[in-house]
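# Structural overview for review
For reference, the chains in residue letters:
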Amino acid sequence: GWTKPINGSSRQDKENWIKSKYQWKGFLNDKLPDINVAEKKIHYSKVLFEAARNADVLGVAEALAYGGAVDWKNPEENGKTALHVCALSHPMNSGEIWQGIECAELMLQNGAKLGTMDDSTQGVLDSAVIGNGERKMVEFLSARLQQ
């Protein structure tokens, strides 16, 4: 186990604590202990994809924490990434708080690229416009492209 450093701990102890938490993800309970790293990455990339489709910001965050890849292209969805399907998301029910933009921002902060093309050579903004995405999402993606 990892021991949390105290005020008098050495710099090395503090660095090891930080690395164990963020780099090695030593504090996550492994939900899939019996499969290899590559299979876990694919599994959590699929979880990320579905969370993004549903604009589930907590689901996106959890999938990223467990190793979901923002650049994973779903072969069953024309090579779209999680950001593509997030751009197409809509509120599930009227009156529901939609968190599509928050999901997109989280994925962009974790390395997702707006210019990533699907198998039809559509970028994320193209998918949002052609697929009748939410107006707020189209405006958000347009602003991000201009930065």
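This text goes with the structure placed above it.
Read on for a plain summary of the structure. None of these values were measured; they are calculated from a predicted model.

## Overview of the nonpolar core
Within the largest apolar cluster, 31 residues are counted, with the highest numbers of intra-cluster contacts made by L48, V60, L83, M107, M137 and L141. Looking at this core, the elements with two or more residues in it are α2 (37-53), α3 (57-65), α4 (82-87), α5 (100-109), α6 (124-130) and α7 (135-145). For this core, the element with the most residues is α4, which contributes 5 residues. Residues contacting L48, with those up to four places away along its chain left out, are V60, A63, L64, G68, A69, V70, A82 and M107.

## Things to note about unusual backbone geometry
With a phi angle near 60 degrees, N78 is a residue other than glycine that sits in the positive phi range. Relative to the assigned elements, N78 resides in the loop between α3 and α4. The exposure class of N78 is partly exposed, given its relative accessible area of 32%. Its identity is not glycine, yet T121 carries a phi of approximately 55 degrees, on the positive side. Assignment of secondary structure puts T121 in the loop between α5 and α6. The exposed category is assigned to T121, whose relative accessible area is 59%.

Criteria and cut-off values
- Residues numbered from 1 in each chain as written.
- Predicted model: local features only at pLDDT ≥ 70, side-chain atom pairs only at ≥ 80, totals over all residues.
- Heavy atoms only, no water.
- Core = buried A, V, L, I, M, F, W, Y, C linked by side-chain atoms within 4.5 Å.
- Buried < 20%, exposed > 50% of the residue type's maximum accessible area, 1.4 Å probe, protein only.
- Helix = DSSP H or I, 4+ residues; strand = E, 2+ residues; numbered from the N terminus.
- Contact = heavy atoms within 4.5 Å.

All quantities given are derived from atomic positions and should not be read as evidence of function.
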